[in-house]
Amino acid sequence: MATSETPTRGYTATKDQLQTRLRRIEGQVRGIDRMVEDDRYCIDVLTQISAVQAALDKVALGLLDGHVRHCVAEGAEEGKGEAMSTELMAAVGRLMRRG
């Protein structure tokens with residue numbers, strides 16, 4: 001009989017906090033949509049966009065931290081350290097090219 005065990009991810013221990021942050025960011029994005037709908041001042045909209053980007057950056061850094069501490073460390077123990085490091089650096093590169 002096959003088991004469908006949910007894998008443990010780097011963020012598993014803080015999943016509830018992560019989802020709370022993402023819901024808060026989702027609310028901020030809906031707020032920006034309302035600001036545009038209400039024809040708010042451009043700089044005010046841009047300020048809110050900047051706040052959302054900063055919040056997403058914080059989430060991304062937390063995910064990277066968990067990935068390194070859990071996934072990369074586990075991969076290194078399994079002899080996949082080089083591949084995991086390459087994958088990690090590619091992800092960091094994508095995050096840094098944003099904008």
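Quick notes on the rules
- Residues numbered from 1 in each chain as written.
- Predicted model: local features only at pLDDT ≥ 70, side-chain atom pairs only at ≥ 80, totals over all residues.
- Heavy atoms only, no water.
- UniProt positions renumbered as here; feature names shortened; annotations may be inferred.
- Axes fitted to C-alpha atoms, helices over the stretch in contact; angles between N-to-C directions.
- Helix = DSSP H or I, 4+ residues; strand = E, 2+ residues; numbered from the N terminus.
- Parallel < 35°, antiparallel > 145°, perpendicular 65-115°, else oblique.
- Contact = heavy atoms within 4.5 Å.
- Nonpolar A, V, L, I, M, F, W, Y, C, P; charged D, E, K, R; others polar.
- Buried < 20%, exposed > 50% of the residue type's maximum accessible area, 1.4 Å probe, protein only.
- Core = buried A, V, L, I, M, F, W, Y, C linked by side-chain atoms within 4.5 Å.

By the naming in an unreviewed UniProt entry, the protein chain goes by Metal-sensing transcriptional repressor and is assigned to Actinomadura litoris. UniProt annotates the protein chain under Sequence similarities (unreviewed entry) with the comment "Belongs to the CsoR family."

## Notes on the packing of helix 2 (residues 42-77) against helix 3 (residues 81-96)
Close contact between helix 2 and helix 3 brings their axes to 9 Å; oriented N to C, the two are set at 170°. Relative to helix 3, helix 2 is oriented roughly antiparallel. Residues Ala60, Leu64, His67, Val68, Cys71, Val72, Gly75 and Ala76 of helix 2 touch helix 3, and the partners they reach there are Gly81, Met84, Glu87, Leu88, Val92 and Leu95. When grouped by side-chain class, the residues that make up the contact of helix 2 with helix 3 number 10 nonpolar, 3 polar and 1 charged.

## Focus on unusual backbone geometry
As a rule of thumb, non-glycine residues mostly have phi less than zero, and peptide bonds are mostly trans rather than cis. At Asp39, a position not held by glycine, the phi torsion is positive, near 55°. Inspection of the secondary structure puts Asp39 in the loop between helix 1 (15-37) and helix 2. The exposed category is assigned to Asp39, whose relative accessible area is 69%.

## Let's talk about the nonpolar core
Residues Leu18, Ile25, Ile32, Met35, Val45, Val52 and Val59 constitute the largest nonpolar core, which totals 7 residues. Tallying contributions element by element places helix 1 first for this core, with 4 residues. Residue contacts for Met35: discarding those within four places in its chain leaves Arg40, Asp44, Val45 and Gln48. Membership of the second largest hydrophobic core comes to 5 residues, among which are Leu64, Val72, Met84 and Leu88.

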